[in-house]
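Observations on the three-dimensional arrangement
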Amino acid sequence: MRHHQWTHVPPMGWNSWDCYGAAVREEEIRANAQYMANHLREYGWEYIVVDIQWYEPGAVSSAYRPFVSLEMDEYSRLIPATNRFPSAVEGKGFKPLADYVHSLGLSFGIHIMRGIPRQAVHGDTPIKGTAVTARQIAHTNSICPWNTDMYGVDASKEGAQEYYNSLFDMYAEWGVDFVKVDDIAASRLYDTHLAEIELIRHAIDQCGRAMVLSLSPGPAPLAYHEAFRTHANMWRITDDFWDQWELLYEMFERCEQWAQFVEVGSWPDCDMLPLGHIGIRSVDGGGSDRWTRFTEDEQTTMMTLWSIFRSPLMFGGELRDNDAWTMSLLTNDEVLEANRSGHYARQVYRDEYDRIVWMSEHSRTGEYYIALFNASDDPALVRVSLEQLGLSGNFRLRNLWERAEAGMVNYDIDVKVPAHGARFYKLSRMDYEDVVVRM
């Protein structure tokens, strides 16, 4: 599938939601992009994504203001609010901002809601290039239960595809590289909106620009894995993920279920990384302006699980406030290499004491990645034998988080892991000469 070529590795980037909710401003986007270019681009971090309601002039937090007037053009398409994105004046849209992000060697993304603006439907405004109006294609019984901006689009109606085509043609003109579509992968009211996913896939294919398609929110139903793979590059396997241990604990089971469907170009998505300074203007997730509530051990566990599973990595904190610890999580090239190049990730075992072991295989070198987790509330010894891993022989063990050699293994790996913590290793096979020298 052609669109799978655009994401050979899981996408890595920054998204404005965790720190700014619906209220991010242009100067904050530009500043975070500059930080990424200066400090993270060399490690593979690429996307700068403006999350929800960039078209809402009065947005002040992650709490949506219902039924307010939104910025919209004459063809029923939402456009950036110029009081928050000044470079969008005179109909320029996001092109000046996207051009700036591109000038830094990065890629630019936006969030959109499924459907067509309610104000377009109520005003019966036109659809570009057709004799059809917004009211004629709207599915007014198809609504988002947590946001009042949109009605669904009835895919059976004349003009439905043309509406989505006009949207993505505009995004292509702006220079958008990544589109996160919300209220579509799973819905509390209507299940997955497969028909609109197909409309969007066709709209991207016809617009002439490569755009990564990300579907939200989750948990996406396993039953539709083939549809997600066929039409999208990534899709959420969880509802909004926040800095709460209970949510991270649940991700082990979600990752185990979805691991078999991870493949190059299409990535089950564990959601954003709520790390560093978050909640600045976002009241979602049960908190306010704060540093992540995850302990350092829990942060290591999250990054280890996301990396060995090969989830997309989307950082949620204010990048400019990163401390040395947070940067160590984002710039460990050995851990990030596991995310980029591991394959066939699977859970080896999980016991009744919540000791969990995962493994994957490097796609080129023949090395193995081994992650040992202790999801219990007390320190524990976590052990895995080579036999359990399906291996035999002598291996060199490297601790990825410490970036240090950890000895030779020919029987098992046996390590004490703190509560809610993880250890992450790479196993490299040793030849006979190496073993003799070490002996």
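Residues numbered from 1 in each chain as written. Predicted model: local features only at pLDDT ≥ 70, side-chain atom pairs only at ≥ 80, totals over all residues. Heavy atoms only, no water.

- Per an unreviewed UniProt entry, the chain is named Alpha-galactosidase, and its organism is Paenibacillus wenxiniae.
- We quote the UniProt Sequence similarities (unreviewed entry) comment for the chain here in full: "Belongs to the glycosyl hydrolase 27 family."
- The annotation that UniProt attaches to the chain under Catalytic activity (unreviewed entry) is "Hydrolysis of terminal, non-reducing alpha-D-galactose residues in alpha-D-galactosides, including galactose oligosaccharides, galactomannans and galactolipids." (UniProt positions renumbered as here; feature names shortened; annotations may be inferred.)

Quick word on the UniProt feature "domain: Alpha galactosidase C-terminal" (unreviewed entry) in the chain
- Feature annotation in UniProt places "domain: Alpha galactosidase C-terminal" (unreviewed entry) on residues 356–427, given in this structure's numbering.
- Here residues 356–427 runs as 6% helix and 61% strand, with 18 Å between its end C-alpha atoms. (Helix = DSSP H or I, 4+ residues; strand = E, 2+ residues; numbered from the N terminus.)

Examining the pairing of strand 1 (residues 12–15)
- Here strand 1 shows no split at all, with M12 and W14 on one side and G13 and N15 on the other all buried.
- Bridging between strand 1 and strand 13 (residues 313–315) involves three bridges; their strand directions are parallel. Directly across from G13, in strand 13, lies its bridge partner M314.
- Judged from the three bridges that link them, strand 1 and strand 2 (residues 47–50) form a sheet pairing that is parallel. Directly across from G13, in strand 2, lies its bridge partner Y47. (Buried < 20%, exposed > 50% of the residue type's maximum accessible area, 1.4 Å probe, protein only. Pairing = 2+ DSSP bridges.)

Here we look at the sheet that holds strand 14 (residues 342–350)
- The strand order across the open sheet formed by six strands is 14-15-16-21-18-19, and the pairing between neighbours is antiparallel. Either end of the sheet is taken by a strand with one partner, and the two such strands are strand 14 and strand 19 (404–409). This sheet shows a mean twist of 25° between the axes of neighbouring strands, independent of strand direction.
- Helix 9 (residues 245–258) rests against strand 14, strand 15 (355–362) and strand 16 (368–374) of the sheet, and its axis sits at about 120° to strand 14.
- Of the strands in this sheet, strand 14, strand 15, strand 16 and strand 21 (421–429) touch helix 10 (residues 296–309), which is tilted by about 40° from strand 21. (Axes fitted to C-alpha atoms, helices over the stretch in contact; angles between N-to-C directions. Contact = heavy atoms within 4.5 Å.)

Considering the environment of H4
- Its place among the elements puts H4 in the segment before strand 1.
- A sequence separation of 320 residues divides H4 from A324, and the C-alpha atoms of the two residues are 35 Å apart.
- Those residues in contact with H4 that sit more than four places away from it in its chain are R229, A232, N233, E263, V264, G265 and S266.

A word on helix 7 (residues 194–207)
- With 14 residues, helix 7 ought to run about 20 Å at 1.5 Å a step, and its terminal C-alpha atoms sit 20 Å apart, in line with that.
- Among the residues of helix 7, E196, I197, L199, I200, R201, A203, I204 and C207 are the ones counted as buried.
- For helix 7, the secondary structure elements touched by its buried residues are strand 6 (150–153), helix 6 (160–174), strand 7 (178–182), strand 8 (212–215) and helix 8 (225–231). (Expected span 1.5 Å × (residues − 1).)

What about the pattern of salt bridges?
- The tally for this structure, following the rule as stated, stands at 34 salt bridges.
- Measuring nitrogen to oxygen at the nearest pair gives 3.8 Å for the salt bridge that ties E250 to R254. A residue pair is termed a helical-turn pair when its members lie 3 or 4 positions apart in one helix, as E250 and R254 do in helix 9 at four residues.
- What makes E250 partly exposed here is its relative accessible area of 39%.
- A salt bridge links R320 to E318; the shortest N-O distance between them is 2.8 Å.
- In this structure, a network of salt bridges that share partners links the residues R25, E27, E28 and R281. (Salt bridge = Lys/Arg side-chain N within 4 Å of Asp/Glu carboxyl O.)

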